[in-house]
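# Remarks on the overall topology
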Amino acid sequence: MNAPPKIYVAGHRGMVGSAIVRQLLANGQPGDRIVTRTHAELDLTDQSAVRAFFATERPAQVYLAAAKVGGIHANNTYPAEFIYSHLMAEANGIDAAFRNGVQKLLFLGSSCIYPKLASQPMQEDTLLTGTLEPTNEPYAIAKIAGIKLCESYNRQYGASHGVDYRSVMPTNLYGPGDNYHPENSHVIPAMIRRFHEAKVNHAPSVTIWGTGTPKREFLYVDDMAAASVHVMNLPYSTYSQHTQPMLSHINVGCGHDITIRELAEKIARVIGYPGDISFDPTKSDGSPRKLMDSARLNALGWQAQVNLEAGLDKVYLDFLQNHVAQP
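Here's a quick rundown of the structure. (Residues numbered from 1 in each chain as written. Predicted model: local features only at pLDDT ≥ 70, side-chain atom pairs only at ≥ 80, totals over all residues. Heavy atoms only, no water.)

## A word on the sheet that holds strand β4 (residues 104-108)
- Strand order across the open sheet formed by six strands is β2-β1-β3-β4-β5-β10, with parallel pairing between neighbours. At either end of the open sheet lies a strand with only one pairing partner, and these are β2 (34-35) and β10 (250-252).
- Here strand β1 (residues 7-10) runs beside β2; their pairing, made up of two bridges, is parallel. Bridge assignment links Ile7 to a residue of β2, and that residue is Ile34. (Pairing = 2+ DSSP bridges. Helix = DSSP H or I, 4+ residues; strand = E, 2+ residues; numbered from the N terminus.)

See below:
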């Protein structure tokens with residue numbers, strides 16, 4: 001019997017990549033046919049190394065989930081690193097995939113591709129209709145370039161080489177394997193760490209950046225992984241009925257959002273922090289609202305399964321087990 005085709009997951013040690021690996025294994029993909037490389041083993045910004053890797057491994061499917069990630073502070077502090085690393089990694093990965101016969105590839109982007117003042121909920125056709133949020137513009141530009149790389153290879157090589165490269169744009173993600181760095185993390189892991197430390201240290205209050213009024217949508221990362229595998233494996237005829245050659249990306253969200261203040265209160269309850277919560281309006285709020293319109297994905301047969309309360313319980317347990325020094 002022929003061995004199952006290889007599937008390469010770029011970024012398998014990250015939160016999203018590791019969730020995709022879990023989903024593939026749960027779906028019956030043999031572990032020895034899932035190809036992974038750490039950053040030390042393969043630097044995706046090194047074109048010759050990436051080309052050599054693809055020529056050797058020759059995967060049939062590729063999930064491009066590798067990313068340098070961070071919240072407002074990280075995006076604003078390291079703009080050159082964010083735009084360079086993402087542009088190089090996606091260009092090298094997509095081109096090397098094509099050169100080595102990969103017909104199926106999924107590029108993972110971000111909700112920050114949409115204009116800062118996009119109408120809510122944000123539909124896919126809002127792309128490139130307005131100014132981006134300044135604090136993460138370099139990251140957003142790189143992700144938009146990834147979408148357009150996929151579309152360009154499809155348009156030029158789809159008919160001749162069977163190229164079918166797709167893109168999914170997740171809302172704000174959280175879950176096991178998240179980054180809990182005190183400055184460079186996203187909002188949920190940052191709050192979990194801050195409220196946990198305040199609880200342990202009996203701090204009377206916790207101060208959150210911004211006014212607390214912006215609204216955000218949050219998706220548990222295993223839901224994102226399930227959506228990614230679902231979109232990757234949709235028949236081409238089905239996928240093409242719901243997309244356009246130059247508007248091919250698909251939003252992935254849960255369909256509802258909450259304010260940062262409400263989020264802080266939920267996390268404080270999950271952690272059992274009894275103190276006060278205050279807000280620092282001198283810090284940036286970012287976009288006032290970022291709710292994805294996931295109607296296209298829902299029409300393709302996928303819905304989120306993990307609600308925010310259940311997801312926060314799961315992620316705090318992961319934090320306690322894997323990110324807190326044990327006595």
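## Topic: the packing of helix α2 (residues 47-57) against helix α4 (residues 79-99)
- One way to put it is that α2 packs onto α4 with a least axis distance of 9 Å and a crossing angle of 35°. The handedness of the crossing between α2 and α4 comes out as right-handed. When α2 is examined against α4, the residues Gln47, Val50, Arg51 and Phe54 are found in contact with a partner set consisting of Asn92, Gly93, Asp95, Ala96, Ala97 and Arg99. (Axes fitted to C-alpha atoms, helices over the stretch in contact; angles between N-to-C directions. Left-handed = near helix turned anticlockwise from the far one by under 90°. Contact = heavy atoms within 4.5 Å.)

## Structural notes on the nonpolar core
- Grouped together as the largest cluster of nonpolar side chains are 36 residues, with contacts concentrated most on Tyr8, Phe54, Leu105 and Tyr165.
- Of all elements in the fold, only β1, α2, β3 (61-64), α4, β4, α5 (137-161) and β5 (164-170) reach the threshold of two or more residues within this core.
- Once residues lying within four places of it in the same chain are set aside, the contact partners of Phe54 are Tyr8, Pro59, Val62, Gly93, Ala96, Ala97, Asn100 and Val102.
- With 30 residues, the next largest nonpolar core counts Val221, Ala227, Leu297 and Leu300 among its residues. (Core = buried A, V, L, I, M, F, W, Y, C linked by side-chain atoms within 4.5 Å. Buried < 20%, exposed > 50% of the residue type's maximum accessible area, 1.4 Å probe, protein only.)

## Regarding α4
- Taking 1.5 Å as the rise per residue, α4 with 21 residues should run 30 Å; its terminal C-alpha atoms sit 30 Å apart, in good agreement.
- Following α4 by one or two positions, Gly101 has its phi on the positive side, about 80°. (Expected span 1.5 Å × (residues − 1).)

## As for the sheet that holds strand β11 (residues 258-259)
- As summarised here, the arrangement of the three strands in space is β11-β8-β13, forming an open sheet in which the pairing is mixed. Either end of the sheet is taken by a strand with one partner, and the two such strands are β11 and β13 (289-290).
- Relative to β13, strand β8 (residues 215-216) runs parallel, the two sharing two bridges. Its bridge partner being in β13, Arg216 is matched across the sheet by Lys290.

## A word on the state of the cysteines
- One pass over the structure, following the stated rule, counts zero disulfides.
- No disulfide involves Cys112; its sulfur sits 16 Å from that of Cys150, the nearest cysteine.
- Assessed through its relative accessible area of 4%, Cys112 is described here as buried.
- A residue is classified by how much of its surface remains accessible, and Cys150, at 0% relative accessible area, is buried. (Disulfide = S-S within 2.5 Å.)

## Re α2
- If you check which residues of α2 are buried, you get Val50, Phe53, Phe54 and Glu57. One face of α2 carries all of its buried residues, which in axial projection span an arc of 95°. Turned more than 90 degrees off the buried face of α2, the exposed positions are Ser48 and Thr56.
- Those residues of α2 hidden inside the fold are in contact with β1, β2, β3 and α4.
- Just downstream of α2 lies Arg58, where phi reads positive at about 50°. (Arc of directions from axis to C-beta.)

## Remarks on the packing of α4 against α5
- Across the interface, α4 lies against α5 with an axial gap of 8 Å and an inter-helix angle of 10°. Here α5 runs roughly parallel to α4, going by the angle between their axes. Between α4, through Pro79, Phe82, Ile83, His86, Leu87, Glu90, Ala91, Ile94, Asp95 and Phe98, and α5, the contact on the second element is made entirely by Pro138, Tyr139, Ile141, Ala142, Lys143, Ala145, Gly146, Leu149, Cys150, Tyr153, Tyr157 and His161.
- Here the contact of α4 with α5 is composed, by residue class, of 16 nonpolar, three polar and three charged. (Parallel < 35°, antiparallel > 145°, perpendicular 65-115°, else oblique. Nonpolar A, V, L, I, M, F, W, Y, C, P; charged D, E, K, R; others polar.)

## Observations regarding the environment of His256
- With respect to the helices, strands and loops of the structure, His256 is situated in the loop between β10 and β11.
- Residues His256 and Tyr273, 17 residues apart in the sequence, show an inter-C-alpha distance of 25 Å.
- Apart from the residues lying within four places of it in its own chain, the contact partners of His256 are Glu217 and Leu291.

## Thoughts on the packing of aromatic side chains
- Evaluated as defined, the whole model comprises eleven aromatic pairs.
- Summarising the aromatic geometry, the rings of Phe82 and Tyr139 are spaced 5.9 Å apart at their centres and angled 85° between planes, so their arrangement reads as edge-to-face. You can see Phe82 sitting in helix α4 and its partner Tyr139 sitting in helix α5, a full 57 residues away along the chain. Residues Phe82 and Tyr139 agree in their burial class; the two are buried.
- Between Tyr316 and Phe319, the aromatic rings sit 6.2 Å apart at their centres with planes inclined by 15°, giving stacked as the arrangement. One end of the pair is Tyr316 and the other is Phe319, both in helix α11 (residues 308-322) and three residues apart, which spans about a single turn.
- Looking at Tyr316, the relative accessible area reads 10%, which means it is buried.
- Phe319 sits in the buried class, given a relative accessible area of 4%.
- Lying across the ring of Tyr239, Arg166 places its NZ or CZ 4.2 Å from the centre.
- The ring of Trp209 carries Lys283 above its face, with NZ or CZ at 5.0 Å from the centroid. (Phe/Tyr/Trp six-rings, centres within 6.5 Å; stacked < 30°, edge-to-face > 60°. Lys NZ or Arg CZ within 6 Å of the ring centre and 35° of its normal.)

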